[in-house]
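Coordinate inspection notes
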2 protein chains.
Amino acid sequence: MIDVTDRKILNILSKDAKASLKLIGNECNMSATAVHLRVKKLEEQKIITGSKSVIDTYLLGYQTQSFIGIYFNKANIYRKVSQALYEIDEVVECNYTTGNFSLLVKVICRDNKHLTEVLSNKIQTIDGVARTETFICLEQTFTREIEF
Amino acid sequence: MIDVTDRKILNILSKDAKASLKLIGNECNMSATAVHLRVKKLEEQKIITGSKSVIDTYLLGYQTQSFIGIYFNKANIYRKVSQALYEIDEVVECNYTTGNFSLLVKVICRDNKHLTEVLSNKIQTIDGVARTETFICLEQTFTREIEF
DNA sequence: ACTGAAAGTGTACAGTG
DNA sequence: CACTGTACACTTTCAGT
């Protein structure tokens, strides 16, 4: 399905979506056009699904990132609660998980006051949400992409 | 510092790093060149720090994503433990948090067997790690970028 | 700070092995 | 079928307003 060259391309693009085809071609001993064809194929196969610019949210005033574990008071409502969470702009990631919580979500707020408001006025008012547990990120020590 | 046009540009690029300057220019009623100048400035200010292609890890055989809460048996060692975690390829995000755990990390593995191996042979052998708590993601209901 | 024309890339297409 | 070389479109740079 995908070979070692495709993996090399994915590893480069996952760290830099704007890496030039020329540069990738040099790394893979290929013409830029050949790389382009492979990238197109990876997009068709939905292995590459898009791209994002990485933006420093901290510099823009969003300085309180946190994870929130959510407990339910009913069974089988994770889809409905997820939908309600999707309506909350500050919630950027939502995972249905095993373990203590039912959902584990990532929230990006300006400050602790903003977080308090999101928690009490938005998340905890969702039907089915019994209790939440907040983990404020004091420091994100690293993020990185997986290597294929 | 940054105006409403910059925000518009950031919102577009955070969802699509390869959005054409032309298209952004249309959205902002500006020439492609003017957009380019603003993007360059945002990069210089380190508000835009880079870009990534979004890759479907599931399709490539990494089908078990999980969060792992890490407890320490000593104080003040989060930097050292973070460094050790950075050496583990499967750990893609590491946060020093308030709450029960000291660190909350995101791990991407091929399957549960792979996760077990990472947990017992890699994470739990790090000096200072007392105990871990694993939250396997049964479903990532959504991820999204914040709006500015 | 923005525009409009030149140089340098990315992309599409016809052609080769 | 995977790749190459060429032609056009786009991004990027630079002089000018």
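Residues numbered from 1 in each chain as written. Chains lettered and ligands numbered in written order. Predicted model: local features only at pLDDT ≥ 70, side-chain atom pairs only at ≥ 80, totals over all residues. Heavy atoms only, no water.

Per an unreviewed UniProt entry, chain A goes by the name Transcriptional regulator, AsnC family protein and belongs to Psychroflexus gondwanensis ACAM 44.

1. Examining the side chain of glutamine 65 of chain B
Let me state the cut-off plainly: Working definition: helices are DSSP H or I runs of at least four residues, strands are E runs of at least two. Numbering for both runs from the N terminus. Residues are treated as being in contact if the distance between any of their heavy atoms lies within 4.5 Å.
Mapped onto the fold, glutamine 65 of chain B is located in strand S2 (residues 64-72). Setting aside its immediate chain neighbours within four residues, glutamine 65 of chain B contacts Glu93 and Asn95 of chain A together with Lys106, Val107, Ile108, Ile136, Cys137 and Gln140 of chain B.

2. Section: the protein's contact with DNA strand D
Worth spelling out the cut-off: The near set for a molecule or strand comprises every residue that places at least one heavy atom within 4 Å of it. Side-chain atoms alone can form a polar contact between residues adjacent in sequence; in general such a contact is a pair of N or O atoms within 3.5 Å, and within protein one must be able to donate a hydrogen while the other accepts it. Think of it as three bins: nonpolar holds Ala, Val, Leu, Ile, Met, Phe, Trp, Tyr, Cys and Pro, charged holds Asp, Glu, Lys and Arg, and polar takes everything else, Gly as well.
Not every one of the 13 residues close to DNA strand D is listed here, only the nearest: Ser31, Thr33 and Lys41 of chain A together with Ser20 and Leu21 of chain B. Put simply, 73% of the atoms of DNA strand D that lie within 4 Å of the protein are in sugar or phosphate. Within the side chain of serine 31 of chain A, an N or O atom sits 2.7 Å from a phosphate oxygen of DNA strand D. Note that a phosphate oxygen of DNA strand D is positioned 3.0 Å from one of the side-chain N or O atoms of arginine 38 of chain A. If you list the elements that add at least two residues to the surface near DNA strand D, you get helix H3 (32-44) of chain A together with helix H2 (21-28) and helix H3 (32-44) of chain B. For the surface near DNA strand D, the residue count by class is four nonpolar, five polar and four charged.

3. Considerations on the relation of the copies chain A and chain B
Rule in force here: Superposing copies: least-squares fit, C-alpha atoms only, residues required to have pLDDT of at least 70 in both.
Overlaying chain A with chain B gives an RMSD of 0.0 Å, the required rotation being 180 degrees about an axis along which the chain moves by 0.0 Å. What the superposition gives is, in effect, a two-fold axis relating one chain to the other. Measuring from the rotation axis to each C-alpha of chain A, the shortest distance belongs to lysine 52 of chain A, at 2.8 Å. A symmetric contact is evident, with 100% of the interface residues of chain A recurring at the interface of chain B.

4. Digging into the packing of aromatic side chains
Note the threshold: Any pair of Phe, Tyr and Trp rings, taking the six-membered ring for Trp, is counted once the centres come within 6.5 Å. Such a pair is stacked with planes under 30 degrees apart, edge-to-face with planes over 60 apart, and tilted for the rest. Classification of residues uses two cut-offs on accessible area relative to the type maximum, computed with a 1.4 Å probe and protein chains only: under 20% is buried, over 50% is exposed, and between them is partly exposed. Two conditions define a charge located above a ring, namely a distance within 6 Å from the ring centre to NZ of Lys or CZ of Arg, and an angle within 35 degrees of the ring normal.
Tallied over the entire structure, the rule returns 13 aromatic pairs over all chains. The interplanar angle of 0 degrees and the centroid separation of 3.7 Å between the aromatic rings of tyrosine 78 of chain A and tyrosine 96 of chain A together place this pair among those described as stacked. One end of the pair, tyrosine 78 of chain A, is in helix H4 (residues 78-86); the other, tyrosine 96 of chain A, is in strand S3 (residues 91-97), and 18 residues separate them in sequence. Residue classification places tyrosine 78 of chain A among the buried positions, given a relative accessible area of 15%. Of the residues examined, tyrosine 96 of chain A reaches a relative accessible area of 23% and is grouped as partly exposed. What links up through ring pairs into an aromatic cluster is the set Tyr71, Phe101 and Phe135 of chain A together with Tyr71, Phe101 and Phe135 of chain B. Of note, arginine 131 of chain A hangs over the ring of tyrosine 71 of chain A, and the distance from its end group to the ring centre comes to 4.1 Å.

5. Digging into the interface of chain A and chain B
Our working definition: Two parts placed together each lose some accessible area under a 1.4 Å probe, and adding up what both lose gives the buried area. For salt bridges, the criterion is a side-chain nitrogen of Lys or Arg within 4 Å of an Asp or Glu carboxyl oxygen.
Listed by partner, the interface residues are 63 residues for chain A and 64 residues for chain B. Summed over both partners, the interface of chain A with chain B buries about 6,100 Å², with 58% contributed by carbon and sulfur atoms. Considering only the side of chain A, the residues that lose the most area to chain B are Lys52, Phe142 and Arg144 of chain A, jointly responsible for 12% of the buried surface there. If you look at where chain A meets chain B, you find six salt bridges. Linking chain A to chain B there are 51 residue pairs in polar contact (both at pLDDT 80 or more). At the level of secondary structure, the elements contributing two or more residues to the side of chain A that touches chain B comprise helix H1 (4-15), strand S1 (48-55), strand S2 (64-72), H4, S3, strand S4 (103-109) and strand S5 (129-143) of chain A.

6. Here we look at the protein's contact with DNA strand C
Neighbouring residues of DNA strand C: Ser20, Leu21, Lys22, Thr33, His36 and Lys40 of chain A together with Ser31, Thr33, Ala34, Leu37, Arg38 and Lys41 of chain B. When the atoms of DNA strand C within 4 Å of the protein are sorted by group, sugar and phosphate make up 71%. Within the side chain of serine 31 of chain B, a nitrogen or oxygen atom sits 2.8 Å from a phosphate oxygen of DNA strand C. Going through the elements one at a time, helix H2 (21-28) and H3 of chain A together with H3 of chain B are the ones with two or more residues in the surface near DNA strand C. Among the elements that line the surface near DNA strand C, the one with the most residues is H3 of chain B, at five residues. Its residues assigned to classes, the surface near DNA strand C comprises three nonpolar, five polar and four charged.

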